[in-house]
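# Survey of secondary and tertiary structure
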Amino acid sequence: MRLPIVGVRQIKLPVSDLARSARWYSDLFDLELAAEFYEESAVRGVVLADHDAGFVIGLREREYCASQPVLDGFDVCAFAVSTPEQMTTVTARCDELGVVHGEIEDRGEFGVAMDVPDPDGTVLRFVAGPHTGPAGSFFGLAFGAGPPEFYDQPRLSF
């Protein structure tokens with residue numbers, strides 16, 4: 001039996017400066033402050049919402065997380081845009097706000113992708129293209145010296 005998942009509701013990230021990160025995420029995604037969490041005499045977390053797209057981004061001060069995760073350079077999520085051509089809208093928005101972003105990378109049959117690091121260095125990926133290959137298909141990607149290599153049989157047993 002499959003779970004009745006219809007989408008991703010929330011992404012929650014640890015941040016070092018709550019106000020700075022809330023402004024950055026709010027500006028980039030045009031999000032509305034929907035909730036905040038007050039504890040120990042200060043706001044320690046917020047929820048920013050895009051009601052039209054149906055998702056929220058939760059931010060929590062790193063020192064008040066269960067651990068102090070540092071995600072510098074790690075791509076925690078990927079936001080889908082409908083077409084590769086729409087990726088220029090993402091770059092234009094970043095440029096308009098002075099937000100640093102990577103180059104748009106051609107991913108072959110998987111479309112295009114671009115990375116945008118947040119103020120803490122946590123990477124948000126923007127992608128236009130299919131999530132994976134067709135249902136029932138598999139591919140592996142091996143990284144090493146030189147270009148990545150594809151393989152077609154799973155190596156992880158679970």
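You'll find the structure just up there.
Here goes a summary of the coordinates provided. (Residues numbered from 1 in each chain as written. Predicted model: local features only at pLDDT ≥ 70, side-chain atom pairs only at ≥ 80, totals over all residues. Heavy atoms only, no water.)

## Notes on the pairing of strand S2 (residues 32–39)
Where S2 and strand S3 (residues 42–50) come together, seven bridges link them in antiparallel fashion. Directly across from Leu33, in S3, lies its bridge partner Leu48. Connecting S2 to the antiparallel partner S3 that follows it, the hairpin turn spans two residues, and Glu40 within it adopts a positive phi of roughly 50°. (Pairing = 2+ DSSP bridges. Helix = DSSP H or I, 4+ residues; strand = E, 2+ residues; numbered from the N terminus.)

## Concerning the pattern of salt bridges
One pass over the full model with this rule turns up nine salt bridges. One network of salt bridges, with partners in common, ties together Arg20, Arg62 and Asp120. (Salt bridge = Lys/Arg side-chain N within 4 Å of Asp/Glu carboxyl O.)

## A closer look at the sheet that holds strand S6 (residues 105–106)
In spatial order, the strands read S5-S8-S7-S6; together these four strands make up an open sheet with mixed pairing. The open sheet is flanked by strand S5 (75–80) and S6, the only strands paired with a single partner. Sheet topology note: the S5/strand S8 (residues 123–128) ladder contains five bridges and is parallel. Bridged to Asp75 within S8 is Val123. Of the strands in this sheet, strand S7 (112–117) and S8 touch helix H2 (residues 87–97), which is tilted by about 20° from S7. (Contact = heavy atoms within 4.5 Å. Axes fitted to C-alpha atoms, helices over the stretch in contact; angles between N-to-C directions.)

## Re the side chain of Asp120
Tracing the chain through its elements places Asp120 in the loop between S7 and S8. Exposure remark for Asp120: the relative accessible area of 15% places this residue in the buried category. Among the polar contacts listed, one links the side chain of Asp120 to the side chain of Ser16, at a separation of 2.4 Å. At 3.4 Å, the side chain of Asp120 and the side chain of Arg20 are in polar contact. Dropping the residues within four chain positions of it, Asp120 is found in contact with Pro14, Val15, Ser16, Arg20, Ser21, Arg62 and Asp72. (Buried < 20%, exposed > 50% of the residue type's maximum accessible area, 1.4 Å probe, protein only. Polar contact = N/O pair within 3.5 Å; in protein donor to acceptor, adjacent residues only side chain to side chain.)

## A short note on the side chain of Ser26
One can find Ser26 in helix H1 (residues 18–29). Judged by relative accessible area, Ser26 falls into the buried class, the value being 14%. Within the local environment of Ser26, its side chain forms a polar contact with the backbone oxygen of Leu31, the two atoms lying 3.0 Å apart. Contacts of Ser26, omitting those with residues within four sequence positions, involve Leu31 and Leu48.

From the geometry alone we can't say anything about function, so treat these as descriptive.
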